[in-house]
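Summary of the model geometry
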Amino acid sequence: MVMDIEKKERSAEEYIVEREVLNELRLNEVARKRTYFPKPTLGEQAKEFVRCSVPRVMNILLKWIPVLGWLPHYSFREYAVGDLVSGCSVSIMHLPQGMAYALLAALPPVYGLYSSLFPVLVYFIFGTSRHISIGTFAVISVMIGSVTEELAPDSKFVINGTNGSEIIDIGARDAYRVQIACSLTVLSGIFQILLGVVRFGFVVTYLSEPLVRGYTTGSACHVCVSQLKYLFGVRPARFTGPLALIYTLVDLCRLLLGTHVPELLISLVALFILSVVKEINAYCRQKLPMPIPIELIVVILATLISHFVDLPGKYSISVVGEIPSGLKVPRAPDASVFSQVIGSAFAVAIVGFAICISLGKTFGLKHGYKVDSNQELFALGLSNTIGSFFQCYAVTSSLSRTLVQETTGGKTQVAGMISCVIVLITILKLGALFEDLPKAVLSAIVLVNLKGMFKQFTDVPILWRTNKVDLVVWLVTFTSTILLNLDLGLAVSIAFAMLTVIFRTQLPRYAILGNVPGTDIYLDTDLYQEAKEIPGIKIFRSSTTIYYANVELYLDALQEKSGIDLGKLLTQKKKQETKLKREQDKEKKRLRKEEKKQKKELAKAKKTEVSPELKGPSEGENIDLTENWTSDLKGQVNLAYTHSMSDTDSGMVCQCDESINEELQQIDEEKEIAIIPGTHSIILDISTTSFVDTVTVKSFKNIFRDFAEIDIVIYLTGCQTHVVEQLEAGGFFSDNVPKSRLFATVHDAVLHILQGLEPKDVVLDVCYTTQL
């Protein structure tokens, strides 16, 4: 039925749709659904995998070694100058940050320089991001430092000194800590390589942005507290496990009276200079060709002052100490500590990759190129694994260095190669010049670089206004990171974030939809005043996927929203059926009793003496056997009536049938009272459902069956193609639930229902031709 449309001029924002009502079967015919070919067998896939050809080999090489794809096409005219300036700028940051972050890892500063060299070379070959700067990072460094200090505390390396005093064998302690850090790093790299090879880069998607930002903010607090001992020149006790940060703060407060004033002054002066110049860099970044390398300037000035004034000798200032020149001979990490660091290694692998890929994708999107998350995972894993053989500890990308590399004109990872050259020269020839560098200056560099992380506290009011669930994730992550250890805090944070996802699917928004007059649009009747329900039809929608964890809640919401208490109706029907059966049994017993009574009366009548005039007709005399007469007052029975007892039984059965019909009619009337008047159809809009499991399929079957028992027809709309296939695989469709109950849209289902009603039943004018 197509309504006449008034001809008039229409604006460009209006259109008219005229088509037939499409159910699933008809839609497949009209749209000519393709037939899926069977997937290749495992043997065929294996054969294809081992097939070798020159193009295939080249594709594999370019995929796993991206440098072969872009380096041959490197444009010196366009990129060389920018990469040179960028590489020099980044190397200037690598030197002080590498030495400073090595202290966070509880390692000698030179190992921070090693970690700024070898991993960068590996990433140059295997990485896909053109702008991120790989190297040491505060959060990863403090995670490694918590492990090295736990497994190699000072108390294990106390030796007897002169005059019976006890001193710490710093050389042996640092050597063992390096072994621990390298073992943790190689395990972390192996985890990342394995995850990259099996294309598991999507795992980072489970670390939401609020989780990562809350975790890095909490880690920044750990970093800050760990540097306070160098800032005040005190030596607090070492604590491990939950609440270690709180215990350390309490101990620091207790030791404040013993603050080493010269070191505090050096720290405050360095903090002031670094903070002021960094603010100038940020304010004038558009005017400066490159940021002022204030960190390197402060390191050089502090080293010169410390050396010529003899700060270590006169004021007992703690300095970096001996920095060996040259590179270490490659050595395999110590496998004996793998079992002790495997948990922390996995946490470092996940956190390092999360930070790296988030920066990589950000700058890739900004400059219009793709960053492969799986290849990034593989590249970062190789950087850590190969670097661990050269006494490097785990690395990731750094936001501050990445920003410098990008803003100073860096276009490719050639900038990273240039920074490696400068770091290598420093390790080989210039390292010894920094032996008198005060550790307080390195601590000041670390603390100033935490400013960006502490700015993340501004996320709290923003999330309060935008999304309170994300705010709870942020706060729980931050709190667990502060109160628990870094690896345990990460585990708790991920578990909580996953629970929020589950809770969101458990608490979706359910709605009864109504038609917006003159359109094929159906909206929530609670939110839109013009959305009107179609009498007799309930349209129900859930805002999330229906699966085993929320399907019971879905059924409860369906009954609540539609006003149909299914359980009550089915129970009531069973009671009525039981009552009806009982009445039928009672009626049958009464009939048998009546029949038995009639037989007794017949037998008694035969024995009774009959009067002469009733003995029989005289010869030639006829008797009208159809004469209707009844027994007299003494109980005598009309014998002529005995042949028609079946008629009596039939009359009684008819009376019984009338009684049954009355009972059934009463059931129908009560059913109509229990259901909202006129409800005859329910449309389930499952367009938001992305998959169905076996529990969901069984539940849908039960919904169709149970509502059919109370004479309500169920329809499905908006089923995605793969959902229909899953329903078919689960045996959902049958003679009772044909595919004709599935419709392309809600409007198709509504029109189908209305077409099946008698004209007098159509009480709402729903447009068959839609004007939008």
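Being a predicted model, the structure only gives us computed values, none of them experimental.

**Looking at the overall build of the chain**
Tallying secondary structure elements over the chain gives 29 helices and twelve strands in all. Every one of the 772 residues in the chain was classed for burial, and the buried ones make up 43%. Partitioning the intrachain contacts of the chain with sequence separation of at least 6 by distance along the chain shows that 80% fall at a separation of at least 24. Surface exposure of the chain reaches about 41,800 Å², of which carbon and sulfur atoms provide 60%.

**Looking at the side chain of Ser562**
You can see Ser562 is positioned in helix α24 (residues 551–562). Residue classification places Ser562 among the buried positions, given a relative accessible area of 0%. Polar contacts involving the side chain of Ser562 include one to the main-chain carbonyl oxygen of Leu558, which spans 2.6 Å.

**Notes on helix α23 (residues 486–506)**
For α23, spanning 21 residues, the distance from its first C-alpha to its last is 30 Å, which sits close to the expected 30 Å at 1.5 Å a residue. Of all the positions in α23, only Leu486, Gly489, Leu490, Ser493, Ala497, Thr500 and Thr505 are classed as buried. In a view along the axis of α23, the buried residues occupy a sector of 160°, so they form one face of it. Check the buried side of α23 and you find it contacts α8 (138–151), α10 (209–232), α15 (338–367) and α22 (468–483).

**Description of the packing of α8 against helix α9 (residues 170–197)**
α9 packs onto α8 with a crossing angle of 130° between their chain directions and a minimal axis gap of 9 Å. As far as their axial angle goes, α9 and α8 are oblique. For the pair α8 and α9, the sense of crossing is right-handed. Taking contact as the criterion, the partners of Ile144, Val147, Thr148, Glu149 and Leu151 in α8 are, on α9, Tyr176, Arg177, Ile180, Ala181 and Leu184. When grouped by side-chain class, the residues that make up the contact of α8 with α9 number seven nonpolar, one polar and two charged.

**Observations regarding helix α18 (residues 414–430)**
Compared with an ideal rise of 1.5 Å per residue, which puts 17 residues at 24 Å, α18 spans 23 Å between its outermost C-alpha atoms and is within 8% of the ideal. Along α18, the residues that are buried comprise Val414, Ala415, Gly416, Ile418, Ser419, Cys420, Val423, Thr426 and Ile427. The inward-facing, buried residues of α18 abut α4 (67–70), α5 (76–104), α6 (110–115), α7 (118–126) and α17 (399–407).

**Quick notes on the pairing of strand β6 (residues 510–515)**
In terms of burial, β6 is largely enclosed, as six of its six residues are buried. Neither face of β6 is left uncovered, since the one carrying Tyr510, Ile512 and Gly514 and the one carrying Ala511, Leu513 and Asn515 both have all their residues buried. Note that β6 and strand β8 (residues 537–542) share four bridges and pair antiparallel. Bridged to Ile512 within β8 is Phe540. In terms of strand pairing, β6 meets strand β7 (residues 522–524) through three bridges, oriented antiparallel. Bridge assignment links Gly514 to a residue of β7, and that residue is Leu523. What sits between the antiparallel neighbours β6 and β7 is a turn of six residues, in which Gly518 has the positive phi angle 85°.

**Examining the environment of Ile144**
Tracing the backbone shows Ile144 in helix α8. A relative accessible area of 0% places Ile144 in the buried class. A sequence separation of 40 residues divides Ile144 from Leu104, and the C-alpha atoms of the two residues are 8.1 Å apart. Leave out the neighbours within four places in its chain, and Ile144 touches Ala105, Ala181, Leu184, Tyr393 and Ala394.

**A word on the pattern of salt bridges**
By the definition in use, this model includes 22 salt bridges. A salt bridge links Arg173 to Asp174, with the shortest nitrogen-to-oxygen separation between them at 3.1 Å. Given a relative accessible area of 17%, Asp174 falls into the buried group. Three or more residues joined by partner-sharing salt bridges are found here, namely Asp154, Arg173, Asp174, Arg177 and Arg235.

**Here we look at the confidence of the model for the chain**
On average, residues of the chain score 83 in pLDDT, and 86% of them are at 70 or above. For the chain, helix α26 (residues 645–674) is the element with the lowest average pLDDT, namely 49, and α7 is the one with the highest, namely 95. Contacts from residues 610–654, a stretch scored under 50 in pLDDT, to residues over four places away or in other chains number 20 contacts. A low-confidence stretch, residues 671–676 stays under pLDDT 50, and its non-local contacts, those more than four residues away or across chains, total 14 contacts.

**Examining the sheet that holds β6**
Strand order in the open sheet formed by six strands is β7-β6-β8-β9-β10-β11, and the pairing between neighbours is mixed. In the strand order of this sheet, the two ends are held by β7 and β11 (742–743), each with one partner. Relative to strand β9 (residues 681–685), helix α29 (residues 746–755) is tilted by about 165°, and along the sheet it contacts β6, β7, β8, β9, β10 (713–717) and β11.

**A word on the packing of aromatic side chains**
Overall, the coordinates contain 24 aromatic pairs when judged by the stated rule. Judged by centre distance (5.3 Å) and plane angle (80°), the ring pair of Phe457 and Phe478 falls under edge-to-face. Residue Phe457 is found in the loop between α20 (451–454) and α21 (459–466), and its partner Phe478 is found in helix α22; the two are separated by 21 residues along the sequence. For Phe478, a relative accessible area of 17% gives the class buried. Taken together, the ring pairs connect Tyr510, Phe540, Tyr554, Phe700, Phe704, Phe732 and Phe733 into an aromatic cluster.

**Some remarks on the pairing of β10**
With four of five residues buried, β10 is to be regarded as a mostly interior element. Note: β9 against β10, five bridges, orientation parallel. Bridge pairing links Asp685 to Thr717 in β10. You can see the chain leave β9, run along helix α27 (residues 694–709) and come back into β10, and the turn it takes is right-handed. With helix α28 (residues 721–729) bridging β10 and its parallel neighbour β11, the resulting β-α-β unit is right-handed.

**Observations regarding the packing of α5 against helix α13 (residues 294–309)**
Where α5 contacts α13, the two axes come as close as 8 Å, and the packing angle between them is 60°. The pairing of α5 with α13 is recorded here as oblique in orientation. For the pair α5 and α13, the crossing hand works out as left-handed. Across from Ile92, Met93, Leu95, Pro96, Gln97 and Met99 in α5, the residues of α13 making contact are Glu295, Leu296 and Val299.

**Section: the environment of Asn384**
Of note, Asn384 is situated in helix α16 (residues 373–388). Using a relative accessible area of 2% as the deciding quantity, one classes Asn384 as buried. Along the sequence, Asn384 and Ala394 sit ten residues apart, while their C-alpha atoms lie 5.6 Å from each other. Those residues within four positions of Asn384 in sequence are excluded, and the remaining contacts are Thr185, Ser188, Gly189, Gln192, Tyr393, Ala394 and Val395.

**Some words on the side chain of Gln375**
For Gln375, the position within the fold is in helix α16. A polar atom in the side chain of Gln375 sits 3.1 Å from the backbone oxygen of Trp64. If we ignore the near neighbours within four places in the chain, the residues touching Gln375 are Lys63, Trp64, Pro66, Phe126 and Thr128.

**Topic: unusual backbone geometry**
For Ala106, which is not a glycine, the phi torsion comes out positive at approximately 60°. Tracing the chain through its elements places Ala106 in the loop between α5 and α6.

Parameters and conventions
- Residues numbered from 1 in each chain as written.
- Predicted model: local features only at pLDDT ≥ 70, side-chain atom pairs only at ≥ 80, totals over all residues.
- Heavy atoms only, no water.
- Helix = DSSP H or I, 4+ residues; strand = E, 2+ residues; numbered from the N terminus.
- Buried < 20%, exposed > 50% of the residue type's maximum accessible area, 1.4 Å probe, protein only.
- Contact = heavy atoms within 4.5 Å.
- Areas by Shrake-Rupley, 256 points an atom, 1.4 Å probe, with all protein chains shown as cover.
- Polar contact = N/O pair within 3.5 Å; in protein donor to acceptor, adjacent residues only side chain to side chain.
- Expected span 1.5 Å × (residues − 1).
- Arc of directions from axis to C-beta.
- Axes fitted to C-alpha atoms, helices over the stretch in contact; angles between N-to-C directions.
- Parallel < 35°, antiparallel > 145°, perpendicular 65-115°, else oblique.
- Left-handed = near helix turned anticlockwise from the far one by under 90°.
- Nonpolar A, V, L, I, M, F, W, Y, C, P; charged D, E, K, R; others polar.
- Pairing = 2+ DSSP bridges.
- Salt bridge = Lys/Arg side-chain N within 4 Å of Asp/Glu carboxyl O.
- pLDDT = per-residue confidence, 0-100.
- Phe/Tyr/Trp six-rings, centres within 6.5 Å; stacked < 30°, edge-to-face > 60°.
- Right-handed = clockwise from strand over helix to strand, strands pointing away.

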